[in-house]
Amino acid sequence: MSARTAANTATPPNAVAAGQRVVRQEAEALLALADRLGPAFDEACARILACRGRVVCTGMGKSGHIARKIAATLASTGTPAFFMHPGEASHGDLGMVTGQDVVLALSYSGESDELLMIAPALKRLGVPLLAMTGRPGSSLARLADVHLDVSVPAEACPHNLAPTTSTTASLALGDALAVAVLEARGFTAEDFARSHPAGALGRRLLLTIRDVMHAGEAVPRVRPDAPIAQALVVMSRGKLGMTAVVEEGDRLVGVFTDGDLRRALDDPGLDVRRDPVSKVMGRSPKTIAPGELASAAVHAMEAHKINALVVVEDGRVVGALNFIDLLRARVV
């Protein structure tokens, strides 16, 4: 191993101490920021709540990265928002902004040329300008309708140069705006799921039984007078570990499961080829409605220690599902 390689893989001296200092410094800055929140924060939330368009988040460099994340957080919590690059804005992207929007501009110095260049155009549009800076006396702060002070004592960088504590403060303030507005809107977990349909929460809160159940001819079912052997064949073909037992009009009267079959085979007094399935079926089957959430099926199966459910609507069998179906749908 070369000396250069060894130097690159060696543990930096005092790395843990440096890391702790940075985290503590940023935590202290966030606590100070929390104590400073006041009327300007209220006004910013009110402007966002009153917005009939979208919140346009913008910023250059590291502030731009934070602005992009704030836009994503707002959009996922019920406030339509997008990121606009300020450099591109002065070359045509400003056309994305309408008079119904609100602009949230981030610049710690408050002197970003790209932001100051588009500010007059935003004013002509009559768009409310919310500014997040670390200098209340800066040019951007003076131009803003609402100024949010994210000043910090110093950056965590030992040279007080690299944006570290300041970007953390801006990110936290963006989260604070999003959550305060979320609560004011009465935004629910179900609302969150609608904008996250591919996520675990979306699947739990949006997928219904109808979305995952077997329906039509795929639902195993037999009549009460069918021999146990016939019920076994139907159950095997259905591959759900059970078959519904139905009367005329698909009215559910019972269910025949793998467990019922094992108990039947242990009974020397039963003739599986001649005795009807009604003799061994369960007469109080657990059911679920097609409009219920798929997650409700998970809870029902766990509570009753069963692996399958019959789906019933108005007393009629309309479907069936088992635990494997829920696994495939990634509900569990």
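Refer to the structure printed above.
Quick caveat: nothing in here was measured; it's all calculated off a predicted structure.

Student: Can you tell me about the overall build of the protein chain, naming the residues and giving the values?
Tutor: Helices and strands together make up the secondary structure of the protein chain, namely 15 helices and 11 strands. The C-alpha atoms of the protein chain give a radius of gyration of 31 Å, which is well past the 20 Å a tight globule of 332 residues would have. C-alpha extents for the protein chain along the principal axes are approximately 90 × 60 × 35 Å. For the protein chain, restricting intrachain contacts to residue pairs at least 6 apart in sequence, the fraction spanning at least 24 positions comes to 64%. When the accessible surface of the protein chain is summed, it comes to about 17,400 Å², and 54% of that surface belongs to carbon and sulfur atoms. If you average the places of the 35 positive and of the 35 negative side-chain charges in the protein chain, the two averages end up 3 Å apart.

Student: An account of the pattern of salt bridges is needed here, citing residue identities and associated values.
Tutor: In the structure shown here, the tally under the stated rule is 11 salt bridges. Here K69 ties to D175 by a salt bridge, and the two come within 2.8 Å at their closest N and O atoms. Residue K69 is found in helix α4 (residues 61-76), and its partner D175 is found in helix α8 (residues 165-185); the two are separated by 106 residues along the sequence. Judged by relative accessible area, K69 falls into the partly exposed class, the value being 34%. Owing to a relative accessible area of 28%, D175 belongs among the partly exposed residues under this scheme. Between D260 and R263 there is a salt bridge whose closest N-O contact spans 2.8 Å. Highlighted residues: D260 and R263, both in helix α13 (residues 258-265), separated by 3 residues, approximately one helical turn.

Student: Now, about unusual backbone geometry: what can you tell me, with residues and values included?
Tutor: It is generally the case that most residues other than glycine have a negative phi and that most peptide bonds are trans. Of note, the phi angle at K239 is positive, near 60°, even though the residue is not glycine. Residue placement: K239 occurs in the loop between α12 (228-238) and β7 (242-247). Notably, D314 is not glycine yet its phi reads approximately 55°, a positive angle. Mapping D314 onto the fold places it in the loop between β10 (308-313) and β11 (316-322).

What counts, and at which threshold
Residues numbered from 1 in each chain as written. Predicted model: local features only at pLDDT ≥ 70, side-chain atom pairs only at ≥ 80, totals over all residues. Heavy atoms only, no water. Helix = DSSP H or I, 4+ residues; strand = E, 2+ residues; numbered from the N terminus. Rg over C-alpha atoms; globule rule 2.2 N^0.38 Å. Contact = heavy atoms within 4.5 Å. Areas by Shrake-Rupley, 256 points an atom, 1.4 Å probe, with all protein chains shown as cover. Lys, Arg positive; Asp, Glu negative; His and termini not counted. Charge placed at Lys NZ, Arg CZ, Asp CG, Glu CD. Salt bridge = Lys/Arg side-chain N within 4 Å of Asp/Glu carboxyl O. Buried < 20%, exposed > 50% of the residue type's maximum accessible area, 1.4 Å probe, protein only.

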